[in-house]
Amino acid sequence: MTIIFLAECGNKQQAELLSQHFDVVSWTLRDGDTECQCHIEIKQDFEGNWWCSLSVNAMDWTPANRQEANYRHFQILELQSLLQEHLKSAPAFWYAFAGEIGGGDLNYLLTDSSRDYAATYNCLFSSRASNQFRIPTFVYVLKVRFLLSESLWQQVGSPSNFETLIRGYVWLPPAPTLVWGGVQAPPKENINQTEIQVILDPEEAENYNHMGVELTREGRFAEALANFEKAQKLYPFSPIIHQNKAASLYCLKRFSEALQQCDFSIRLNPSLSDLVILHQLKGDIFYEQGQLEKALASFQDSLDLNPDAFYAVHPHSQKALILSKLGRYKESLAPQYEEGLNLLNSSQYAAALDVFNALNQSTPEFAKAFYCKGLALGNLGRHEEALAAFEAALRLDPTFEVYFSRAHALYSLGRIEEALESYNTLLALYPDNAYGYYRKGVLLDELGRYEAALELLHQAVKLEPNSAQVHLSKGIVLDHLGRSGEALQALNESLRLDPSSPQTALVPSSGTG
């Protein structure tokens with residue numbers, strides 16, 4: 001078995017406690033086929049200190065080429081990530097090594113009385129009183145992580161090259177490993193005596209992923225899940241495949257499995273926009289499971305990453321709902337806010353307005369109540385009052401959505417130049433928000449200022465290339481400019497991204513483009 005964790009616990013009782021923590025633990029790796037059963041042993045070194053070693057049963061194979069070595073490298077990284085999560089609730093230990101440690105290396109680490117290759121306490125820390133603590137050479141040779149308890153780290157002078165790992169422990173980050181060449185799983189016969197050959201195929205994986213997305217849009221979640229699972233086996237290192245699988249599992253109400261897929265995706269370093277969505281999805285899962293505190297934390301994680309994203313309204317509203325359910329009145333700023341949001345979302349604008357008016361009086365510093373009041377007034381056609389509400393919200397909390405709503409109110413009042421100036425302010429403050437460019441571009445298109453509109457929509461496409469609506473608007477502007485060939489390309493892209501949109505059936509008029 002391959003040892004992935006070796007901890008010095010001091011005495012036998014503490015080693016046994018740590019051993020019990022990992023007893024019967026098993027992990028399923030991202031490829032869906034590799035089951036890692038943990039095996040625990042406690043050992044005593046030649047100085048009399050007690051150790052706990054953790055090994056797994058699925059890593060006892062030798063790579064045959066560079067591609068398989070890369071595959072093994074990613075598996076070890078995944079195991080280290082799973083191990084780190086499990087250590088958060090583990091009994092205390094003094095120090096440890098995490099990585100791939102061979103059986104022969106283990107013997108040297110615990111029995112080398114010459115101290116050339118020993119990991120024992122006296123070999124590493126005997127000179128701590130004189131602040132001469134040294135990092136052992138084998139840490140670099142074996143490329144393992146070196147963990148210290150915070151108390152021991154402080155005793156040896158708090159060396160600055162250590163960083164916080166989890167609460168109570170610091171670690172010496174390993175030097176980065178350069179991974180080059182392809183990635184390929186080994187033949188299964190090397191692992192479990194079967195004759196199945198598994199070869200990664202990112203292109204075919206993307207085909208299955210695309211089919212899964214299309215089936216999800218049609219509401220055929222079980223069929224979508226089957227396609228995502230095929231994609232996952234062909235390329236288990238794609239965060240978006242794990243994310244899409246998580247969404248389909250959520251729709252099927254298989255919440256624990258969906259949560260696991262979200263965590264897999266997050267470990268694979270997805271893009272910022274996908275990470276925002278993943279934390280929102282985790283929030284929805286925890287909410288459905290009744291784990292409100294965890295749901296609240298996930299929605300806050302999403303907002304911390306990007307509070308001005310297209311989809312920030314959902315975590316804001318869910319936070320208010322959860323805080324209200326938890327009885328945290330001051331944080332939720334009164335249960336009436338939840339009531340007002342529900343009325344607003346169900347188009348009961350007059351009733352919603354009464355709720356937000358009451359909130360304005362009881363909590364005049366609550367910016368979102370003014371913002372929602374403005375939305376209700378705008379939907380009632382009372383645009384002057386809506387503008388005043390948005391101005392009040394801006395003074396309290398100038399956010400993207402309030403700037404945008406103010407610009408829309410000015411437009412509704414026919415104050416076009418002021419609306420354009422409001423969009424200019426918005427874009428100066430939020431230059432990476434595609435929606436601002438998109439809405440200003442649509443407004444300029446309505447005013448017949450097509451070239452300026454096209455320039456803005458070009459920028460919106462760069463920032464949000466997967467928005468069918470942005471491509472659609474760009475196609476309409478190109479058609480107005482008589483560039484029908486480019487217009488057709490944009491409309492086709494819109495249709496590809498969202499076949500369900502009735503607007504994407506538009507065909508550009510004949511022109512000279």
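Preceding this section is the structure that the text describes.
Residues numbered from 1 in each chain as written. Predicted model: local features only at pLDDT ≥ 70, side-chain atom pairs only at ≥ 80, totals over all residues. Heavy atoms only, no water.

1. Some thoughts on the nonpolar core
And then number 1: Core analysis: the largest hydrophobic core is formed by 51 residues, its most contacted members being Tyr337, Phe356 and Cys372.
And then number 2: Counting residues in each nonpolar core, the second largest holds 32 residues, with Ile4, Phe5, Leu83 and Leu87 among its members. (Core = buried A, V, L, I, M, F, W, Y, C linked by side-chain atoms within 4.5 Å. Buried < 20%, exposed > 50% of the residue type's maximum accessible area, 1.4 Å probe, protein only.)

2. Focus: the packing of helix H12 (residues 272–288) against helix H13 (residues 292–305)
And then number 1: Running from N to C, H12 and H13 cross one another at 165°; their axes reach a closest spacing of 7 Å. Put simply, H12 runs roughly antiparallel to H13. The handedness of the crossing between H12 and H13 comes out as left-handed. Of the residues in H13, those in contact with Leu272, Leu275, Val276, His279, Gln280, Lys282, Gly283, Asp284, Phe286 and Tyr287 of H12 are Leu292, Lys294, Ala295, Ser298, Phe299, Asp301, Ser302 and Leu305. (Axes fitted to C-alpha atoms, helices over the stretch in contact; angles between N-to-C directions. Helix = DSSP H or I, 4+ residues; strand = E, 2+ residues; numbered from the N terminus. Parallel < 35°, antiparallel > 145°, perpendicular 65-115°, else oblique. Left-handed = near helix turned anticlockwise from the far one by under 90°. Contact = heavy atoms within 4.5 Å.)

3. Some thoughts on unusual backbone geometry
And then number 1: The phi dihedral of lysine 253 is positive, around 65°, even though this residue is not glycine.
And then number 2: Positionally, lysine 253 belongs in the loop between helix H10 (239–251) and helix H11 (255–267).
And then number 3: In this structure lysine 253 comes out as exposed when scored by relative accessible area, which is 61%.
And then number 4: Positive phi outside glycine occurs at serine 347, with the angle close to 70°.
And then number 5: Assignment of secondary structure puts serine 347 in the loop between helix H16 (335–345) and helix H17 (349–362).

4. Here we look at the sheet that holds strand S3 (residues 35–44)
And then number 1: Read across the sheet, eight strands follow the order S2-S3-S4-S1-S5-S6-S8-S7 without closing on themselves; strand pairing throughout is antiparallel. Among the strands making up the open sheet, the edge pair consists of strand S2 (26–28) and strand S7 (163–166). Looking at each pair of strands side by side, their axes are set apart by 25° on average, direction ignored.
And then number 2: By the bridge criterion, three bridges tie S7 to strand S8 (residues 169–172) in an arrangement that is antiparallel. Each residue of the ladder has a partner; that of glutamate 163, found in S8, is tryptophan 171. (Pairing = 2+ DSSP bridges.)

5. Brief notes about the packing of aromatic side chains
And then number 1: In the structure shown here, the tally under the stated rule is 15 aromatic pairs.
And then number 2: Aromatic pair phenylalanine 404 and tyrosine 423: ring centres 6.3 Å apart, planes at 55°, arrangement tilted. Placement of the pair is phenylalanine 404 in helix H20 (residues 400–412) and tyrosine 423 in helix H21 (residues 416–429), with a sequence separation of 19 residues. Side by side, phenylalanine 404 and tyrosine 423 carry an identical accessibility label, which is buried.
And then number 3: Judged by centre distance (5.2 Å) and plane angle (50°), the rings of phenylalanine 404 and tyrosine 435 are tilted. Pair noted here: phenylalanine 404 is in helix H20 and tyrosine 435 is in helix H22 (residues 434–446), with a separation of 31 residues, a long-range link.
And then number 4: On the basis of relative accessibility, which here comes to 27%, the residue tyrosine 435 falls in the partly exposed class.
And then number 5: Here the aromatic residues Trp51, Tyr95, Phe97, Phe146 and Phe162 are joined through ring pairs into a cluster of three or more. (Phe/Tyr/Trp six-rings, centres within 6.5 Å; stacked < 30°, edge-to-face > 60°.)

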